[in-house]
Amino acid sequence: MKQQKDDININDVCITLEVESEVIEKVNKGEITNITLDITEHNQNLVLETVEGHLILVIDKKPIAYRSCYLYNDGVFPYAIKGSLDYLVLSAGEESCLTRIIDVNTEPGIRFRFQEADKSIVEDPEGDCCIWKVDFEVVPMSMDARTYLMRWNPSISSFTEKDYEECFENMVHGMFRMNWSISEWQEARRGDSFYMLRSGDDKAGIVFQGQFLSDPYTGDDWAGSNKRRCYVDMVCMNAIEPKDTPLLSLKKLQKVIPEIDWAKGHSGELLSEEVVEKLGDLWDGV
């Protein structure tokens, strides 16, 4: 994984959770994709933007007394997830796993009536307060993750300019999802990174980047031939406006990193560490 920019402290954009070692193993394998947090008054401010009160979330039993809380809010989660919370670190002793948050889901659970501060609460299906569930979908970010160059030519691709516009307009948490063909699939794994290079027109350049959400799998050819292709599911982020010309243009890529034939090639080209470092510096600078 490429390091964060110098002006970003990883502790400002992530929290660490203690888990069993088998959880880390299953997250890396893709057997676990969602983490439900047990939020307390001691860590709530790391996760949630609050005006006042505390959040009860996913507890084994109903609390006896509770000091101030939000209302049920008609089933709408009454807190805002911190915009700076991008990662969860899963820790099990000396073992740890950095994961990127790619989606957040909330749902109400047990409802109860809050009477007064330090008074017992009473479970009530029509109550004004609630025990909430907050669920984070994550993808692992390995220190030895590979990086691939995916290629998109709107004039010949099944993914059209209109498709990109719709994806951009319907992003959730600044991201959208899709699958894409990958030629050099043999070493690709869930959690690897990619850059998407647009080609074939005057908007050629890097238009977004992201991570693989799956290992490669086979499917029918997107172009309609009888041959089989390999694909990966992806989460796409930091996308530029479809109408804009990329700041990291094809000409700039050709000038700064001439060892890659940017104008030609297949989708899913595995990049060397040297190229990844140069490309990362360029991307961070735009």
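Refer to the structure presented above.
The following paragraphs examine the structure supplied in this document. If you're wondering where the values come from, they're calculated on a predicted model, not measured in any experiment.

Criteria and thresholds
Residues numbered from 1 in each chain as written. Predicted model: local features only at pLDDT ≥ 70, side-chain atom pairs only at ≥ 80, totals over all residues. Heavy atoms only, no water. Helix = DSSP H or I, 4+ residues; strand = E, 2+ residues; numbered from the N terminus. Polar contact = N/O pair within 3.5 Å; in protein donor to acceptor, adjacent residues only side chain to side chain. Salt bridge = Lys/Arg side-chain N within 4 Å of Asp/Glu carboxyl O. Buried < 20%, exposed > 50% of the residue type's maximum accessible area, 1.4 Å probe, protein only. Pairing = 2+ DSSP bridges.

### Quick word on the side chain of Ser 267
Thought 1: Relative to the helices and strands, Ser 267 is located in the loop between helix 4 (250-256) and strand 15 (269-270).
Thought 2: One polar contact links the side chain of Ser 267 to the main-chain amide nitrogen of Arg 151, over a distance of 3.2 Å.
Thought 3: A distance of 3.0 Å separates polar atoms of two side chains, one belonging to Ser 267 and the other to Trp 180.

### A look at the pattern of salt bridges
Thought 1: Within this structure, the stated rule accounts for twelve salt bridges.
Thought 2: Between Arg 177 and Asp 103 there is a salt bridge; the shortest N-O distance is 4.0 Å. You can see Arg 177 sitting in strand 10 (residues 175-181) and its partner Asp 103 sitting in strand 6 (residues 95-113), a full 74 residues away along the chain.
Thought 3: When its relative accessible area of 40% is taken as the criterion, Arg 177 is described as partly exposed.

### What to know about the pairing of strand 11 (residues 193-198)
Thought 1: The buried count for strand 11 comes to five of six residues, which makes it a mostly enclosed element.
Thought 2: Strand direction decides the pairing type here: strand 9 (residues 147-152) and strand 11, joined by six bridges, are parallel. Looking at the pairing, Leu 149 lines up with Tyr 195 of strand 11.
Thought 3: Across six bridges, the pairing between strand 11 and strand 12 (residues 205-212) is antiparallel. Bridging from a neighbouring strand, Leu 197 pairs with Ile 206 of strand 12.
Thought 4: Following strand 11, the chain reverses through six residues before pairing antiparallel with strand 12; Gly 200 in that reversal takes a positive phi of roughly 90°.

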